[in-house]
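Summary of the model geometry
Each chain is listed here by its residues.
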Amino acid sequence: SSDLEMYLSMLNKIYLCLVLSCILALSAGQRKILFSSFPGSDSRNEVMISIANKIAEDPQYKCYGLLHYSDYHIWRHTNCKLIIYGNKTEYLNVVYESEKAVSESFMNGFQSFKNMIDKIMRDFREDMALERIEEIGIDMMFCDIWSYPCLLASQHLNISRHITLNPVCAGNILNLMETHPSYIPTFNTQYSTEMTFAERFINVVNTYIMKTFMVEFWELIHKKFMAIDRDHWANKYILRADGLFMQQCVPGFNYAEYKPPNSIDVGYIGAKASRDITDNIDHFTSLYDKIIYISIGTNEGFSDFNLENLVYSFEQLSNIGFILKIGERNDRNITFSKNVLTVVNPPEEIILESNKTILYVTHGGWNSILRGLNHGIPLLVFGWAYDRGTHARLVEYRGVGEIILTQKEATPNNIFAKIQKLINTNKYATNAEKISRVIRAKDSRAFIKDWVDFYFDFGVDNLIVKSFYQKGTIEYYNIDVICVIALVHILLLWMLKKVIVKCCVGKRKVKTE
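What comes next is a walk through the structure. Every value quoted in this text rests on a predicted model; they were computed, and no experiment measured them.

1. Quick look at the environment of Ile 264
Inspection of the secondary structure puts Ile 264 in strand E7 (residues 263-265). Between the alpha carbons of Ile 264 and Leu 165 there is a distance of 9.6 Å; along the sequence they are 99 residues apart. If we skip the residues at most four places from it in the chain, Ile 264 touches Leu 244, Phe 245, Met 246, Gln 247, Phe 447 and Trp 451.

2. Structural notes on the packing of aromatic side chains
Within the structure shown, the criterion is met by twelve aromatic pairs. Seen from their ring centres, Tyr 61 and Phe 456 are 5.7 Å apart, and the 50° between their planes marks the pair as tilted. Taken together, the positions of Tyr 61 in strand E2 (residues 61-68) and Phe 456 in helix H18 (residues 444-458) put the pair 395 residues apart, joining distant regions of the chain. Residue classification places Tyr 61 among the buried positions, given a relative accessible area of 3%.

3. Quick word on the pattern of salt bridges
Throughout the structure, instances matching the rule amount to 13 salt bridges. As a salt-bridge pair, Glu 57 and Lys 54 come within 3.8 Å of each other at their nearest N and O atoms. Looking at Glu 57, the relative accessible area reads 52%, which means it is exposed. Each of the salt bridges in this network shares a partner with another, and the network as a whole consists of Glu 46, Lys 325, Glu 348, Glu 349 and Arg 371.

4. Details of the sheet that holds strand E12 (residues 379-382)
Read across the sheet, six strands follow the order E10-E9-E8-E11-E12-E13 without closing on themselves; strand pairing throughout is parallel. Each of the sheet's edge strands pairs with one partner strand only, and the pair in question is strand E10 (340-343) and strand E13 (401-404). This sheet shows a mean twist of 15° between the axes of neighbouring strands, independent of strand direction. Pairing analysis gives five bridges linking strand E8 (residues 291-295) to strand E9 (residues 321-325), with the strands arranged parallel. The residue of E9 that forms the bridge with Ile 292 is Phe 322. Sitting on the sheet, helix H16 (residues 412-424) is in contact with E8, strand E11 (357-362), E12 and E13, with an inclination near 170° to E13.

5. Overview of the nonpolar core
Grouped together as the largest cluster of nonpolar side chains are 33 residues, with contacts concentrated most on Phe 253, Ile 323 and Leu 373. For this core, the secondary structure elements donating two or more residues are helix H11 (279-286), E8, E10, helix H13 (348-352), helix H14 (366-374), E12, helix H15 (388-397) and helix H17 (426-440). Broken down by element, the residue count for this core peaks at four residues, all from H14. When near neighbours in sequence (up to four residues on either side) are disregarded, Phe 253 contacts Trp 366, Ile 369, Leu 370, Leu 373, Leu 394, Val 395, Arg 398, Val 400 and Ile 435.

6. Some thoughts on the pairing of E9
Here E9 lies mainly inside the structure; five of its five residues are buried. Covered by surrounding structure in E9 are Gly 321, Ile 323 and Lys 325 together with Phe 322 and Leu 324, the residues of both alternating faces. With four bridges joining them, E9 and E10 adopt parallel strand pairing. Within E10, the residue paired with Ile 323 across the bridge is Leu 341.

7. Brief notes about the sheet that holds E2
One open sheet holds the seven strands; their spatial order is E3-E2-E1-E4-E5-E6-E7, and the pairing between them is parallel. Of all the strands in the sheet, the pair left with one neighbour each is strand E3 (81-85) and E7. Here the average twist between neighbouring strands, direction ignored, is 20°. Pairing analysis gives five bridges linking E2 to E3, with the strands arranged parallel. Across the sheet, the residue bridging to Leu 67 is Ile 84, located in E3. Running over the sheet, helix H7 (residues 148-156) touches strand E1 (31-36), E2, E3, strand E4 (140-144) and strand E5 (161-166) and is turned about 150° from E4.

8. Considerations on the state of the cysteines
Enumeration according to the criterion identifies one disulfide in this entry. Put simply, Cys 143 and Cys 150 are joined by a disulfide, and their sulfur atoms are 1.9 Å apart. Across the S-S bond linking Cys 143 and Cys 150, the dihedral sits near -65°, which makes this disulfide left-handed. For the pair formed by Cys 143 and Cys 150, the shared burial category is buried. Cysteine Cys 80 is unpaired, with the sulfur of Cys 63 as its nearest cysteine sulfur at 4.6 Å. A relative accessible area of 8% means that Cys 80 is categorised as buried.

Parameters and conventions
- Residues numbered from 1 in each chain as written.
- Predicted model: local features only at pLDDT ≥ 70, side-chain atom pairs only at ≥ 80, totals over all residues.
- Heavy atoms only, no water.
- Helix = DSSP H or I, 4+ residues; strand = E, 2+ residues; numbered from the N terminus.
- Contact = heavy atoms within 4.5 Å.
- Phe/Tyr/Trp six-rings, centres within 6.5 Å; stacked < 30°, edge-to-face > 60°.
- Buried < 20%, exposed > 50% of the residue type's maximum accessible area, 1.4 Å probe, protein only.
- Salt bridge = Lys/Arg side-chain N within 4 Å of Asp/Glu carboxyl O.
- Pairing = 2+ DSSP bridges.
- Axes fitted to C-alpha atoms, helices over the stretch in contact; angles between N-to-C directions.
- Core = buried A, V, L, I, M, F, W, Y, C linked by side-chain atoms within 4.5 Å.
- Disulfide = S-S within 2.5 Å.

Quick look at the structure:
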């Protein structure tokens, strides 16, 4: 009996050693990916977490999240090991100052935004985040285009594999710098190839201004924190020749654009609900057959929007329940009618996927627009901050919603009229459902996972040509090609002229004789 017990005990130890060895061997061979998004943006962080969680399902990958502490409330729902830096309260104070400055003037907002980035980078350095990343031995960086700490880490640690994610599509920096400038809708001009001279003029001028602004801004950030010159920031850290650039573009919804060869349209990435539904939301929705969800309270340019302009609509549509996201607004203590439920951070995906939700009122962020259309819900878009006007025009052009482009237009009567039109006209829901089918036809998270696998196994396609940013003036505008074509045409015309002259001269000689 004692011999048998000793034999079984020895077998258990051998078994445990084998299991431990397998685990160690597996973890040693794991591919380590660091994910990072832009601090302070819930939607952008949710998109990045959605990708990270999908890739983390594969045991060959070990995922890490680099985040500012202000985003921990979102990242705590991930399967990634977290590298956290910064102080939430201090950073949010800087963000609030930025939002206030944006509402006052563009230049004030620009300076305040630089202060916000400066705060992020100082927190990143002071909390030794770079050293912690180095200890891990990361194999790939997966960065949001605005995640400066991630770009900084990629540069300093010389990480060869790099994927940059742009969670928007329309109105992004690539559109502003790479497409035909006269047909980029800026500052509320329409989507149309039949633009007037005035509209094309406005677009060209504004595109130049925005391009100059973006280059100057990135130069300041990158020179200060990354010590690189302005001519190489884009192709070295955003559109890297050895990296991939992914955009959340949905074919069939966004407008056509020219893109660098290593840019991939991944469709709507989406995100599982990162916040649990609460009892008060559940109870509130049970009281109404129709729900309208409103989310405009936490974004730059909307901090000074008067929520009381919505009161008239609430009162006139008392048979409809309104769920209002108020975030951290100073005026969140306003008392509304009983058919309004105010929530600081609601579970948006759960609210929007409900059959009761008939309309989504949004500030016009790209993720918000795609989130609503993913569920086939018509949109009312307030598009007066940053690229929101471009997004709003696209919503109008595709017939999936109504838009309000200035704060002056956002009057109680106008808002109510727009809501009435949207909920009483079938075409908006029909068009939104069409776009929903396009979005749902593609599993974007699985698509991205396949690209990550390919990247690790084969690297970037060697057939990729130089990025547009690396081309000279002659190449960029195809001047050499145009000159050759023009020369051929001139040569053909010269030969044709010679033939005609010869024929005419021959006929004259015959007549003379």
